[in-house]
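Residue-level listing of the chains:
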Amino acid sequence: MYVELKNIDKSFGSFQASNDVNFGIEQGKLIGLLGPSGSGKTTILRMIAGLETPDSGDIYINGVRVNDIPAGKRGIGFVFQNYALFRYMSVFDNIAYGLEVQKKSKEEIKDRVSELIKLIGLEGMEKRKPNQLSGGQRQRVAFARALAPNPQLLLLDEPFAAIDAKVRQELRSWLKDMIYKIGVTSIFVTHDQDEAIEVADEIIITNHGRVEQKGSPLEIYKHPETPFVAQFIGQSTILEDCTRLNGFAEVKPGEKAVIRPEFINITRKDEVQKYISAVEEGTIEAIAYRGSYFEIKVRVKGILLTTTAVLEDVYEIGEKVGVLIYRLYIFDEDNAYLLENKAMVDINSVFI
Amino acid sequence: MSQTNKAIQQKSTNSNAKGVKVLLISLGVIFIFIMLVIPMIAVITYAFQDGLKAYQEAIFDPYTIKALQLTLLATVTAVAINTVFGLFAAWTITKFKFRGKQLLTTLIDIPFAISPVIAGLVLVLTFGKIGWAYDFLNAYDIKIVFAVPGIILATVFVTFPFISRELIPVLSAQGTDEEEAAALMGAGGFNIFRKVTLPHIKWALLYGIVLCTARAMGEFGAVSVISGHLRGKTNTLPLHVEILYNDFQLTSAFAVASILVILAVIILILRNLIEYKAKKAGEK
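Residues numbered from 1 in each chain as written. Chains lettered and ligands numbered in written order. Predicted model: local features only at pLDDT ≥ 70, side-chain atom pairs only at ≥ 80, totals over all residues. Heavy atoms only, no water.

### Considering the overall build of chain A
Right, so step 1: When its secondary structure is counted, chain A shows nine helices and 19 strands.
Right, so step 2: Dimensions of chain A, computed from the C-alpha atoms along their principal axes, are close to 75 × 45 × 40 Å.
Right, so step 3: Total accessible area on chain A is roughly 16700 Å²; 49% of this is exposed by carbon and sulfur atoms.
Right, so step 4: Distance between charge centres in chain A, computed from 43 positive and 50 negative side chains, equals 6 Å. (Helix = DSSP H or I, 4+ residues; strand = E, 2+ residues; numbered from the N terminus. Areas by Shrake-Rupley, 256 points an atom, 1.4 Å probe, with all protein chains shown as cover. Lys, Arg positive; Asp, Glu negative; His and termini not counted. Charge placed at Lys NZ, Arg CZ, Asp CG, Glu CD.)

Below you can see the structure in the form of structure tokens.
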């Protein structure tokens, strides 16, 4: 493991920001630290950087315990949430600062800074001050500044939070490409699951100072290990009692279920049903246009479910439809597991 | 009908607002005129009432020159000391988290709350003949009370909060991100201060220095207690004015006072210049 956290605890007064945090990161990976606000993700990042000191536990970078190494000597590049560019320095001086601190020669600094400015596509803006740049440009400068001294690890705190939606989309893929091009191990913090899923190779989900789950975006999406992850990821709705639904009778009392729009399929009454015994009857209660799809609320046996439909399928409010629920995440206080619709499985076995 | 009513109402509130504005402005002007402008004019006219020659004599009197020198010395030293300590105090309070921070902030403001005379008395009680530090000072032949060091100490005490008070809001508005960013790149404390913090607080610092200078030059109460009024030795300009005034040398007293007025005007011009420059720098 390239970066490793072992039994990290950290409190601010009575607030426990990190509670026995353990994880490891492989070299060259792009990691997303995902969690709701106050879940301790930024604290983890700041402890790795050396801006906060853990109360107990060890942090290793490249096999070396760095707890007692000051922030400036850890060889870390850090991109702050609001960039923290030096506002009285030009773009050039901002990027050059880290190299000047290392007492590099004038030519060396000039070459490296020019190379980075070219990389971030801000040629001709070397002399501008940060407040003469757009949000996206500032972010690029912050990125270049962090990379200038060739850090062994790049940390980014909510790198896209301060940028408007359209540019954010663009910057996400730009940043991902850049990090792969340079090959630097990176960790970024975000509260936006779309961002984490799109950008990260691996996601670490935090909640109440604990690491809930670590895995690839697909693993986390498909196999949530804890009730929190099941509810946090995706567009999830919680069902208090799902035993009423066809095919889920074996769910034990006390267990709840998480359902996502993509678990549900609705069909017209007159369409041929593949899994007749699994299909429920539902009534459409609301239809909302979402740009590229419809969001449909449908009531089945008194339970209100949310699903989506393509724009070609036009339904009407009050229309009776067939509702097929493929699967549910079942969870109690400690565990979460995926449960396929039993009624569907039974039919399949008959065909085989 | 109601339309016109509304229009009339609108007009009357508008003229009301205008009336208030005119009233407030004239009140302000009258107040400033009576409290500030007339006394200033009085000082200058009194100073020249016996002609230019008498004015020159009062100004170039050796005791006046000595007093001016001492005032300048005390001011420059006190401002230098307070600049250093003000910077340290403001930096400590805004960039670190620690217990008792609120207490420290309050302590810095003490000179604002305490009457300068009491500040002078405290210094006399500490360093004077009855003070606890007297034996020690005497052993090393250091004189503080009724001597120049005492005057400087008193000036430092009274003007202590000016610079840190100007710096604290600016520094806390800036936050610690930029310094953290610099520290992460391995920069040392002095480099961070010089390259990152100083450009940011430059104008506030200059402004604080100007205010501190103005206050230090005019300081009377604390200095009066500790100086002992030794002419040519421990007399500052304000003290000298008082002595002349008590001797019924009114012309001389006002002539010397006019020096302080001129210095104050210079400082005010500097102050406005700094404010203008700072605004321009902020807009850039």
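### Considering the domain arrangement of chain B
Residues and elements named next belong to chain B.
Right, so step 1: When cut into domains, chain B gives domain 1 (1-47) and domain 2 (51-283).
Right, so step 2: Measuring from the centre of the C-alpha atoms in domain 1 to the corresponding centre in domain 2 gives 36 Å.
Right, so step 3: Contact with domain 1, which involves five residues of that partner, is made by eight residues of domain 2.
Right, so step 4: When domain 1 packs against domain 2, the two sides together hide about 600 Å² of surface, and 85% of this comes from carbon and sulfur.
Right, so step 5: Counting the surface domain 1 buries against domain 2, the share from its top three residues, Val43, Tyr46 and Ala47, is 74%.
Right, so step 6: The interface formed by domain 1 and domain 2 includes zero salt bridges.
Right, so step 7: Classifying every residue of the side of domain 1 that touches domain 2 by side-chain character gives five nonpolar, no polar and no charged. (Domains from an automatic or database assignment. Contact = heavy atoms within 4.5 Å. Buried area = accessible area lost by both parts, 1.4 Å probe. Salt bridge = Lys/Arg side-chain N within 4 Å of Asp/Glu carboxyl O. Nonpolar A, V, L, I, M, F, W, Y, C, P; charged D, E, K, R; others polar.)

### Observations concerning the packing of aromatic side chains
Residues and elements named next belong to chain A.
Right, so step 1: If you walk through the whole model with that rule in mind, you get eleven aromatic pairs over all chains.
Right, so step 2: An angle of 15° between the planes, with centres 5.2 Å apart, marks the rings of Phe228 and Phe232 as stacked. A residue pair is termed a helical-turn pair when its members lie 3 or 4 positions apart in one helix, as Phe228 and Phe232 do in helix α8 (residues 227-232) at four residues. An identical accessibility class is assigned to Phe228 and Phe232; each is buried.
Right, so step 3: Relative to Phe294, the ring of Tyr289 lies with its centre 6.0 Å away and its plane at 55°, an arrangement referred to as tilted.
Right, so step 4: A residue is classified by how much of its surface remains accessible, and Phe294, at 17% relative accessible area, is buried.
Right, so step 5: If you follow Arg145 out to its NZ or CZ, it ends over the ring of Phe86, 4.5 Å from the centre. (Phe/Tyr/Trp six-rings, centres within 6.5 Å; stacked < 30°, edge-to-face > 60°. Buried < 20%, exposed > 50% of the residue type's maximum accessible area, 1.4 Å probe, protein only. Lys NZ or Arg CZ within 6 Å of the ring centre and 35° of its normal.)

### Examining the interface of chain B and chain A
When the parts come together, some accessible area is lost, and that loss is often what is quoted as the size of the interface.
Right, so step 1: With 18 residues of chain B at the contact, the number on the chain A side is 21 residues.
Right, so step 2: Each partner contributes to the roughly 1800 Å² buried at the junction of chain B and chain A, and carbon and sulfur atoms together form 58% of this total.
Right, so step 3: It is Glu178(B), Leu184(B) and Met185(B) that lose the most area in chain B upon contact with chain A, and together they represent 40% of the buried surface on that side.
Right, so step 4: Linking chain B with chain A are three salt bridges.
Right, so step 5: Note that Glu180(B) and Arg46(A) form a salt bridge whose closest N and O atoms lie 2.7 Å from each other.
Right, so step 6: At the junction of chain B with chain A, the criterion picks out three residue pairs in polar contact (both at pLDDT 80 or more).
Right, so step 7: Take the side of chain B that touches chain A: its biggest share by element is seven residues, from helix α10 (residues 177-184) of chain B.
Right, so step 8: Class assignment for the residues of the side of chain B that touches chain A results in nine nonpolar, four polar and five charged. (Polar contact = N/O pair within 3.5 Å; in protein donor to acceptor, adjacent residues only side chain to side chain.)

### Focus on the side chain of Thr206(A)
Residues and elements named next belong to chain A.
Right, so step 1: Tracing the chain through its elements places Thr206 in strand β9 (residues 202-207).
Right, so step 2: At 3.0 Å, the side chain of Thr206 forms a polar contact with the side chain of Ser39.
Right, so step 3: Beyond its immediate sequence surroundings of up to four residues, Thr206 is in contact with Leu33, Leu34, Gly35, Pro36, Ser39, Lys41, Ile44, Val211, Glu212 and Phe228.

### Here's the deal with the sheet that holds strand β12 (residues 256-259) of chain A
All names here are of chain A.
Right, so step 1: Reading across the sheet, the four strands line up as β11-β12-β18-β19 and stay open at both edges, with antiparallel pairing between neighbours. Here the strands that pair on one side only, and so sit at the sheet edges, are β11 (237-239) and β19 (336-340). Averaged over all pairs of adjacent strands, the angle between their axes in this sheet comes to 35°, without regard to strand direction.
Right, so step 2: Bridge count between β12 and strand β18 (residues 327-331): three bridges; the pairing is antiparallel. Its bridge partner lying in β18, Val258 is registered against Tyr329. (Pairing = 2+ DSSP bridges. Axes fitted to C-alpha atoms, helices over the stretch in contact; angles between N-to-C directions.)

### Observations regarding the side chain of Glu52(A)
Residue and element names in this part refer to chain A.
Right, so step 1: Along the chain, the position of Glu52 falls in the loop between α1 (41-49) and β4 (56-61).
Right, so step 2: For Glu52, a relative accessible area of 15% corresponds to the buried category.
Right, so step 3: Apart from residues no more than four positions distant in its own chain, Glu52 is found in contact with Lys10, Phe12, Arg46 and Met47.

### Describing a nonpolar patch on the surface
Right, so step 1: A cluster of nonpolar side chains, contributed by Ile30(B), Phe31(B), Ile32(B), Phe33(B), Ile34(B), Met35(B), Leu36(B), Val37(B), Ile38(B) and Ile41(B), occupies part of the molecular surface with about 950 Å² of accessible area.
Right, so step 2: In this structure Met35(B) comes out as partly exposed when scored by relative accessible area, which is 47%. (Patch = residues over 30% accessible without salt bridge, like charges linked within 9 Å, V, L, I, M, F, W, Y side chains within 5 Å.)

### With respect to the nonpolar core
One recurring pattern in soluble globular proteins is that nonpolar side chains are buried together.
Residues and elements named next belong to chain A.
Right, so step 1: One finds Ile95, Ile120, Val141, Phe143, Leu154, Leu156 and Ile205 to be the most contacted residues of the largest nonpolar core, which totals 45 residues.
Right, so step 2: By residue number, the principal contributor to this core is helix α4 (residues 135-147), which donates six residues.
Right, so step 3: Of all hydrophobic cores here, the second largest spans 39 residues; its members include Ile25, Leu33, Val66 and Ile76. (Core = buried A, V, L, I, M, F, W, Y, C linked by side-chain atoms within 4.5 Å.)

### Describing unusual backbone geometry
Residues and elements named next belong to chain A.
Right, so step 1: Located in the positive-phi region is Asn150, a residue other than glycine, with phi close to 55°.
Right, so step 2: Within the element layout of this structure, Asn150 appears in the loop between α4 and β7 (153-157).
Right, so step 3: Here the phi dihedral of Lys301 falls at roughly 50°; this positive angle occurs in a residue that is not glycine.

### Quick word on the sheet that holds strand β14 (residues 280-289) of chain A
Residue and element names in this part refer to chain A.
Right, so step 1: Spatially, five strands are ordered β13-β17-β14-β15-β16 in an open sheet, and the strand pairing comes out antiparallel. Looking at strand neighbours, the two that pair on one side only are β13 (264-268) and β16 (303-309), the edges of this open sheet. Neighbouring strand axes in the sheet, compared pairwise and without regard to direction, differ in orientation by 45° on average.
Right, so step 2: Examined bridge by bridge, β14 and strand β15 (residues 294-300) share seven bridges and lie antiparallel to one another. Looking at the pairing, Thr283 lines up with Arg299 of β15.

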